[in-house]
Amino acid sequence: MATLRLGDTAPNFTADSSIGTINLYEYLGDGWGILFSHPADFTPVCTTELGTAAKFKDEFDKRNVKMLALSVDGAASHKEWIKDINEVQQTTVNFPIIADEDKKVSDLYDMIHPKADNNLTVRSVFIIAPDKSVKLTLTYPASTGRNFYELLRVIDSLQLTATHKVATPANWESGQDVVVSPAITTADAKEIFSKGVEEIKPYLRMTPDPTK
């Protein structure tokens, strides 16, 4: 399948997992989702990532985001691996890990990059909106673990900009000033954003975070 691009519909699937059979759309319901793949079970970087993800679950829950991990190994292997993750990361894995031995889901989401490895998935991340559209894709090499603070930051931005006519600047964090959409005139912006608008350049206008 062709690479998924921003705005594409995230393909639905039904697959076995560490907690039983899961259908993606049913699992996500009308909320947000984050799907992240791992090269294989019992791998060192993934063990740290899944333990970290478990510790971040409350933060994802606050944002109405359901987590799903995936590895090309089977559900029985996942369950054994989870024991190790819980032990060495001192946590409890509290979200499902998809079993993808036939690589059906990996192929749907283009998680196999042959020049990196013919068999193992790269570290892909997909953030899926309530309408099932893909809002973010990230691809890391197998050697580099993900930054979960960055994933939360991106979700905060996506959720803010989905409901307000703004964008978020470099290194933005929730609560900081945001950029007024270029599609809005400064005069209209001053009507829309009651906290004020600062015009730095005609094309660069800032306003306080409208949700705070």
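In short, a report on the structure. (Residues numbered from 1 in each chain as written. Predicted model: local features only at pLDDT ≥ 70, side-chain atom pairs only at ≥ 80, totals over all residues. Heavy atoms only, no water.)

**Observations regarding the pattern of salt bridges**
Step number 1: Applying the stated criterion to the full structure yields eight salt bridges.
Step number 2: Here Asp 61 ties to Lys 57 by a salt bridge, and the two come within 3.0 Å at their closest N and O atoms. Separated by four residues within a single helix, Asp 61 and Lys 57 lie in helix 3 (residues 57-62), roughly one turn from each other.
Step number 3: Residue Asp 61 is classed as partly exposed on the basis of its relative accessible area, which comes to 40%.
Step number 4: Of the charged contacts, one joins Lys 62 and Glu 59 as a salt bridge, the two residues approaching to 3.0 Å between their closest N and O atoms. Placement of both Lys 62 and Glu 59 in helix 3 is noted, with a separation of three residues, approximately one turn of the helix.
Step number 5: The class of Lys 62 is exposed, set by a relative accessible area of 63%.
Step number 6: Salt bridges linked by common partners bring Glu 59, Lys 62, Arg 63 and Asp 156 together as one network. (Salt bridge = Lys/Arg side-chain N within 4 Å of Asp/Glu carboxyl O. Helix = DSSP H or I, 4+ residues; strand = E, 2+ residues; numbered from the N terminus. Buried < 20%, exposed > 50% of the residue type's maximum accessible area, 1.4 Å probe, protein only.)

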